[in-house]
Amino acid sequence: MSPLLIVEDSDEDYEVLCWALHKTGFTHPIIRAACAEEALSRLFPGLPQLGGIDESPCMVLLDFNLPGINGLQMLKEIRQTKPLLAIPIVVMSTSNNPLDVEACYRFGAAGYILKPFKLEEYLEKIRGLEDYWFNTALLPECAGGGD
Amino acid sequence: MDHSQVWASSSTPFVNLGANQGIYQGGNHVSADPVDLTHCDHEPVQFPGGIMPHGVLLLLTLNEYRIQGASANTLPWFGSDAAQLLHGHLDRIFAPDIRQTLETSLALITEPQLPRYLGSFLTLQGSHRFDVFAHRSGDFFIVEFEAITAEVAESWPTGRIAEITDCVSNLHSAESWQEGMAIGVRELKRLTGFDSVVGLRFLTDGSFHAIAEACEAHFLSVFDKRFPRSDIPESARRQMLLMPLQYALDLDYQPVPLVLADQTQNPLQIDLGLAVLRSISPMCRRFYNNMGVQSRMVISLVDKGELWGFFSCKNTAPRHVTYSDRLAFKLFAEMSALLLVEKERGEQLQAALRAKHSISQITTQLSSAEVLPIALGQLPQQLLDPLDSTGASLCLDGQILCAGVTPEETVIQALIAWLDGQPSPFFITDRLPALFEAAAQCQAQATGLLAARLQEPGQYLLAFRPEQVYEVNWAGDPLKQVEVDAVSGEERFTPRGSFEVWKQDMRGTARAWQSYQAEALIDLQRTVIQLQYADNQRTLQLRLAQSNIELEAFAYIVSHDLQEPLRGIANYAQFLLDSSSGQFGQQEQNWLNTIVRLTGKMSDQINALLQYSRASQQQMALQLVDINLLLGSVLDSLSALIKDTQTQIDIPQTLPTLSCDPIRATSVFSNLITNAIKYNDQPEKHIEIGFSETPTLTFFVRDNGIGIPEQFHDAIFTIFRRLHGRNDYHGGTGAGLALVRKHVERHGGRIWLESVPGQGSTFYFTLASCQAFPSASDGGINA
């Protein structure tokens with residue numbers, strides 16, 4: 001199974017996300033990049049694969065607020081790299097600023113989720129995310145793998 | 001004489017600056033002549049007691065025309081001596097019909113005025129023909145008889161008038177008033193035939209300057225020489241105004257005394273001020289004698305009742321000038337005065353206008369400059385021309401920018417410090433070294449100074465002129481006019497014996513500044529100060545705006561970053577609650593729940609803060625909006641709240657369509673309506689929404705709620721400021737009205753309220769940048 005790439009700098013947020021994925025019975029392997037630079041190095045073909053996973057992710061959960069290259073800039077980078085355009089990227093953010101939301105979609109985000117404050121809501125949103133992307137929609141088999 | 005006295009350039013009379021401008025005029029004043037000339041000033045030139053010998057004078061009574069006095073020279077002219085004529089009538093001299101004519105003319109002379117020409121008449125003996133003039137003096141008619149000799153009898157008035165007309169035309173063609181004067185003396189010399197005709201201009205200190213001269217080679221030239229004030233005493237000046245043309249046929253004469261019928265009367269009491277034949281003062285005759293002049297004619301050039309200058313005609317031999325010729329010359333002089341004065345004024349005005357124009361151009365440039373200090377930096381160069389200065393400096397915030405020839409920077413710095421100590425922000429002098437010691441070392445750069453202080457001390461516009469080492473060519477030593485009387489020991493003025501050039505060095509002085517130049521700099525000073533003030537204001541506003549932007553960006557970033565740990569705290573508290581059921585007691589579980597609740601609250605507040613800072617940061621998106629539709633959607637989104645609280649909402653008017661940011665306008669209405677519902681404890685809640693168009697388009701939201709005491713009318717617009725407990729009136733973050741005000745202000749509008757506690761509040765707001773259009777319902781544009 002293709003892995004899910006989580007780009008998240010906050011350990012706590014990563015832990016809550018993993019907790020929610022685990023709680024909802026998510027079975028895909030999960031790889032984490034703590035910053036956009038690390039994520040990009042994983043996604044770009046030809047670069048040395050890190051973390052022992054040589055398979056391209058089938059999906060990316062991208063934190064909006066990242067140190068260094070932020071989420072929006074990373075979206076722009078990916079947009080300029082044709083093979084990566086196939087990977088759906090869902091942005092997770094604390095910002096409900098309409099401008100941020102609009103900018104993410106404009107640069108190719110497949111979805112935008114506001115990070116919930118209550119655990120129940122968190123579970124609900126992750127469940128919804130899985131239901132759609134992993135049970136309803138078809139994901140690319142090996143995006144970014146080939147040419 | 002005060003040697004430091006300032007002279008104008010040789011061609012331009014000194015222009016005194018208006019003392020009412022509060023300008024300190026360092027040394028630019030005309031000082032009074034210290035030599036006591038009162039003897040001369042009081043010389044009784046009007047009462048000489050005698051006349052010149054080339055004519056005859058009679059005194060007649062006012063009512064009977066009886067001869068009460070006569071000059072002692074009647075015998076050769078009239079055939080009878082004075083004593084024989086006394087008490088008689090004019091028929092002793094003229095035929096009865098001429099007597100009749102003369103007396104009829106005299107009857108018309110009722111006031112003292114310039115002698116009236118009565119005509120030319122033959123005496124009874126038929127031997128002499130006379131030009132006859134008469135005027136009133138005290139209790140007499142003074143009748144004067146000037147013999148017309150065969151030689152001059154041929155003068156032809158029409159020819160003269162034609163010549164005068166040509167002369168005046170020539171004057172018109174002059175480029176400058178000086179050239180005009182040169183043409184004047186040339187023409188006058190040709191017309192009068194005098195050896196020398198000089199055109200002189202009075203300067204403000206009373207001295208006078210020979211501007212133009214037409215003279216025979218053998219005659220002593222006085223061209224470009226200066227004559228001190230004392231050369232024409234005050235009494236003589238008065239006489240020059242009284243009698244614009246004074247003529248003496250031959251200065252080498254013995255005055256003819258007056259013989260009076262009334263033995264008790266003194267001839268010296270008869271006022272001969274207006275008499276054509278009045279004997280000239282002995283002092284004056286000596287003065288001319290010393291110059292080798294025998295015949296002279298002085299024609300005054302008068303401007304608005306003041307002596308402007310005069311033509312001085314001199315001849316080494318006696319020279320006849322008939323009355324009709326004198327009349328023609330007087331006319332010419334009067335025309336000349338008009339033209340010369342007008343030309344001089346025109347030239348000054350032109351120069352002043354040019355300076356003013358240059359300054360106004362500079363002002364325009366400065367006003368439209370984007371960066372004021374850079375534009376100001378060009379001022380020194382720009383000032384040189386309009387101020388006619390050789391150097392100029394701008395001193396601004398410790399920096400000194402110079403153009404042209406200026407003193408060294410250290411001297412300028414010292415000068416600035418010195419100027420800061422002067423009482424007036426404007427300073428003008430043409431002899432700086434006499435006032436400011438350090439200037440002695442830079443006389444070649446800065447002897448003349450115009451200084452204008454700008455907004456702050458130490459900021460100056462300076463214009464410099466170099467020392468003008470020039471000489472005044474006096475006609476004789478102006479100081480050697482006072483002699484000590486050998487007998488009395490008194491100082492007394494005497495006419496000079498020598499008119500050779502006496503040079504006076506005028507060191508330590510610069511060419512005098514003209515009043516329009518000072519005024520031009522004052523204008524510029526005013527403008528620069530205003531611009532500096534505006535520039536400061538703009539800089540402050542920019543800084544304020546910048547700091548506001550930074551503050552809002554700070555609020556945005558901080559609140560964004562605060563959300564993350566806060567959510568972490570909430571999450572872990574929930575983890576604890578979930579994973580520890582049974583391990584914690586009820587108390588501990590309550591505490592954990594409180595943590596979760598409080599973090600939620602804080603998150604709401606951070607969100608409100610984010611929203612508030614976004615309200616400032618985000619661009620306005622103006623578009624035409626139909627407020628009816630906008631309000632409709634606001635009420636839709638609040639429908640649950642409205643329904644739950646059973647609030648009645650009235651919108652009696654059709655609202656306008658206008659240009660605004662719809663998202664912000666939605667927030668404004670939504671928050672105001674929500675507040676109107678929340679802060680209301682009436683059983684029947686009622687809200688009215690409307691607008692008025694005068695004086696500006698103003699919306700209002702009126703409720704019958706709890707009202708707000710007046711002392712809180714400002715405070716309620718402050719973020720997180722609450723008037724009630726957190727959980728009263730359905731809580732809320734306390735950012736709503738702050739957000740509303742921010743939105744309104746971003747539109748350039750303002751918000752205020754009227755309220756009576758217990759009865760309700762009305763919030764008013766304008767959206768100033770908005771322009772109202774006919775409402776959609778009136779067929780206007782739909783948003």
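Just so it is clear, the model here is predicted, and its values are computed rather than measured.

**Some words on the nonpolar core**
All names here are of chain B. Grouped together as the largest cluster of nonpolar side chains are 35 residues, with contacts concentrated most on Phe669, Leu672, Ile673, Phe699, Phe763 and Phe765. Every element with two or more residues in this core is listed here: α16 (627-637), β26 (657-660), α18 (662-678), β27 (686-692), β28 (698-703), α19 (736-746), β29 (751-756) and β30 (760-766). Per-element accounting of this core gives the leading share, seven residues, to α18. Once you skip the residues sitting within four places of it in the chain, Phe669 turns out to touch Ile627, Leu630, Leu631, Val634, Ile689, Phe699, Val701 and Phe765. Residues Val168, Leu245, Tyr247 and Ile299 belong to the second largest nonpolar core, which totals 34 residues.

**Quick look at the sheet that holds β27(B)**
By way of backbone hydrogen bonds, the strands of a sheet pair with one another, either parallel or antiparallel. All names here are of chain B. Spatially, β25-β27-β28-β30-β29 is the arrangement adopted by the five strands of the open sheet, whose pairing is mixed. Unpaired on one side and paired on the other, β25 (648-650) and β29 mark the two borders of the sheet. Neighbouring strand axes in the sheet, compared pairwise and without regard to direction, differ in orientation by 15° on average. Here six bridges tie β29 to β30, and the two strands are oriented antiparallel to one another. Each bridged residue has a counterpart across the sheet, and for Ser755 the counterpart in β30 is Ser761.

**A look at the interface of chain B and chain A**
At the junction of the two partners, chain B supplies 19 residues and chain A supplies 21 residues. Here chain B is connected to chain A by one salt bridge. In this structure, Asp13(A) engages Arg567(B) in a salt bridge whose closest nitrogen and oxygen atoms are separated by 2.7 Å. The interface formed by chain B and chain A contains four residue pairs in polar contact (both at pLDDT 80 or more). Those elements giving two or more residues to the side of chain B that touches chain A turn out to be α14 (515-579) and α15 (586-617) of chain B. Top contributing element to the side of chain B that touches chain A by residue count: α14(B), with 13 residues.

**With respect to empty space enclosed by the protein**
A probe as big as a water molecule, rolled over the atoms, marks out the empty space that is left. Residues and elements named next belong to chain B. Inspection of the entire model under this criterion finds seven cavities of 30 Å³ or more. Forming the walls of the second largest cavity are 10 residues, and the residues nearest its centre are Glu146, Ala147, His320, Val321 and Thr322. The residue makeup of the lining of the second largest cavity, split by class, is five nonpolar, three polar and two charged.

**Regarding the sheet that holds strand β7 (residues 140-147) of chain B**
Residues and elements named next belong to chain B. One open sheet accounts for seven strands, arranged β2-β12-β4-β3-β7-β6-β5; its pairing is antiparallel. Here the strands that pair on one side only, and so sit at the sheet edges, are β2 (50-51) and β5 (116-122). In the packing of helix α4 (residues 96-107) onto the sheet, the strands contacted are β3 (55-61), β5, β6 (129-137) and β7, and the crossing angle to β5 comes to about 175°.

**What about the pairing of β28(B)?**
All names here are of chain B. The element β28 is largely enclosed, with a buried count of five among its six residues. Between β27 and β28, which pair antiparallel and follow one another directly, the connecting turn spans five residues. Sheet topology places β28 next to β30; five bridges connect them, and they run antiparallel. Counterpart to Arg702 in the pairing with β30 is Thr762.

**Some details on the confidence of the model for chain B**
Residues and elements named next belong to chain B. On average, chain B scores 82 in pLDDT, and the residues at 70 or more come to 85%. Contacts for the low-pLDDT stretch residues 1-39, under 50 throughout, to residues beyond four places or in other chains number 95 contacts. Within the model, pLDDT remains below 50 along residues 774-783, and this stretch shows 21 contacts once partners closer than five positions in the same chain are excluded.

**Describing the pattern of salt bridges**
Side chains that differ in sign of charge can pair as their charged atoms come close. Residues and elements named next belong to chain B. Overall, the coordinates contain 25 salt bridges over all chains when judged by the stated rule. Of the charged contacts, one joins Glu64 and Arg66 as a salt bridge, the two residues approaching to 3.5 Å between their closest N and O atoms. What makes Glu64 partly exposed here is its relative accessible area of 45%. The class of Arg66 is partly exposed, set by a relative accessible area of 28%. In this structure, Asp523 engages Arg526 in a salt bridge whose closest nitrogen and oxygen atoms are separated by 3.4 Å.

The rules behind the values
Residues numbered from 1 in each chain as written. Chains lettered and ligands numbered in written order. Predicted model: local features only at pLDDT ≥ 70, side-chain atom pairs only at ≥ 80, totals over all residues. Heavy atoms only, no water. Core = buried A, V, L, I, M, F, W, Y, C linked by side-chain atoms within 4.5 Å. Buried < 20%, exposed > 50% of the residue type's maximum accessible area, 1.4 Å probe, protein only. Helix = DSSP H or I, 4+ residues; strand = E, 2+ residues; numbered from the N terminus. Contact = heavy atoms within 4.5 Å. Pairing = 2+ DSSP bridges. Axes fitted to C-alpha atoms, helices over the stretch in contact; angles between N-to-C directions. Salt bridge = Lys/Arg side-chain N within 4 Å of Asp/Glu carboxyl O. Polar contact = N/O pair within 3.5 Å; in protein donor to acceptor, adjacent residues only side chain to side chain. 1 Å grid on protein atoms, 1.4 Å probe; cavity = no way out; pocket = protein on both sides within 12 Å on 5 of 7 lines; lining within 4 Å. Points joined across faces, edges and corners; volume = space filled by probe spheres on them. Nonpolar A, V, L, I, M, F, W, Y, C, P; charged D, E, K, R; others polar. pLDDT = per-residue confidence, 0-100.

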